[in-house]
Amino acid sequence: MRWLLAMSLAASTSWAADPVVNCASPSTTLDFNICGSREADKADVELKRYFEAARTRMVKQEPQAVQALDAAQAAWLVYKSKHCESAYLRWQGGTIRGPAGIQCEVDLTRQRTHRIWADFLTYPDRTPPVLPEPQQ
């Protein structure tokens, strides 16, 4: 989804690969798109970190469940893409479509990261979790 936004931005503007944007106070549609994409990239990196930790734990403790975890992640990635594409298309007539699609990706990715943490990186007793609780 973000690739679609990036292609449309590249075609309509001439901005540097890493433009200087004040993401604490974005003021233009382009700023919102750039800052949102950066936030989505950070969320993706965090999800990957938590997923790999869960996968590593599963390999050691429940190796037969690794294939199911991998399949679930693959299915979730398809879901996220299709769902956020629909959010993007919902607003296709306005400039809000980019930020809406990107925010969808950020929200779903953070939710998925938290779900992986809760299901695979915590313990039912007082044992500390494998990784700290992620932002939701």
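Refer to the structure above for everything that follows.
Residues numbered from 1 in each chain as written. Predicted model: local features only at pLDDT ≥ 70, side-chain atom pairs only at ≥ 80, totals over all residues. Heavy atoms only, no water.

What follows concerns the pattern of salt bridges. Close approach of charged atoms lets side chains of opposite charge pair. Inspection of every chain in the model, using the stated rule, returns 4 salt bridges. The partner of Asp 44 in a salt bridge is Lys 80, and the shortest N-O contact between them spans 3.3 Å. Of this pair, Asp 44 sits in helix H2 (residues 29–61) while Lys 80 sits in helix H3 (residues 66–90), placing them 36 residues apart in sequence. The exposure class of Lys 80 is buried, given its relative accessible area of 8%. (Salt bridge = Lys/Arg side-chain N within 4 Å of Asp/Glu carboxyl O. Helix = DSSP H or I, 4+ residues; strand = E, 2+ residues; numbered from the N terminus. Buried < 20%, exposed > 50% of the residue type's maximum accessible area, 1.4 Å probe, protein only.)

This part takes up the packing of H2 against helix H4 (residues 97–120). Contact geometry of H2 with H4 gives a least axis separation of 9 Å together with a crossing angle of 20 degrees. Between H2 and H4, the angle falls in the class roughly parallel. For H2 against H4, the interelement crossing comes out left-handed. Split into classes, the residues belonging to the contact of H2 with H4 amount to 14 nonpolar, 7 polar and 7 charged. (Axes fitted to C-alpha atoms, helices over the stretch in contact; angles between N-to-C directions. Parallel < 35°, antiparallel > 145°, perpendicular 65-115°, else oblique. Left-handed = near helix turned anticlockwise from the far one by under 90°. Nonpolar A, V, L, I, M, F, W, Y, C, P; charged D, E, K, R; others polar.)

Another point: the state of the cysteines. Using the criterion set out here, one finds 2 disulfides in the structure. A disulfide bridge connects Cys 23 with Cys 35, and the sulfur atoms are separated by 2.0 Å. Between Cys 23 and Cys 35, the disulfide has an S-S torsion of -90 degrees and is therefore left-handed. Of this pair, Cys 23 sits in the loop between helix H1 (2–12) and H2 while Cys 35 sits in helix H2; the two residues are 12 residues apart in sequence, bridging distant segments of the chain. What makes Cys 35 buried here is its relative accessible area of 10%. With a sulfur-sulfur separation of 2.2 Å, Cys 84 is cross-linked through a disulfide to Cys 104. An S-S torsion of about -80 degrees defines the bridge between Cys 84 and Cys 104 as left-handed. A residue pair is termed long-range when its members are at least 10 positions apart, and Cys 84 in helix H3 and Cys 104 in helix H4 qualify at 20 residues. Taking relative accessible area as the criterion, Cys 84 reaches 0% and is therefore assigned buried. (Disulfide = S-S within 2.5 Å.)

Our next topic: the side chain of Gln 73. By the secondary structure assignment, Gln 73 is in helix H3. Its relative accessible area of 9% is what places Gln 73 among the buried residues. There is a polar contact of 2.9 Å between the side chain of Gln 73 and the side chain of Arg 112. Once residues within four sequence positions are removed from consideration, Gln 73 is found in contact with Leu 47, Phe 51, Arg 112 and Ile 116. (Polar contact = N/O pair within 3.5 Å; in protein donor to acceptor, adjacent residues only side chain to side chain. Contact = heavy atoms within 4.5 Å.)

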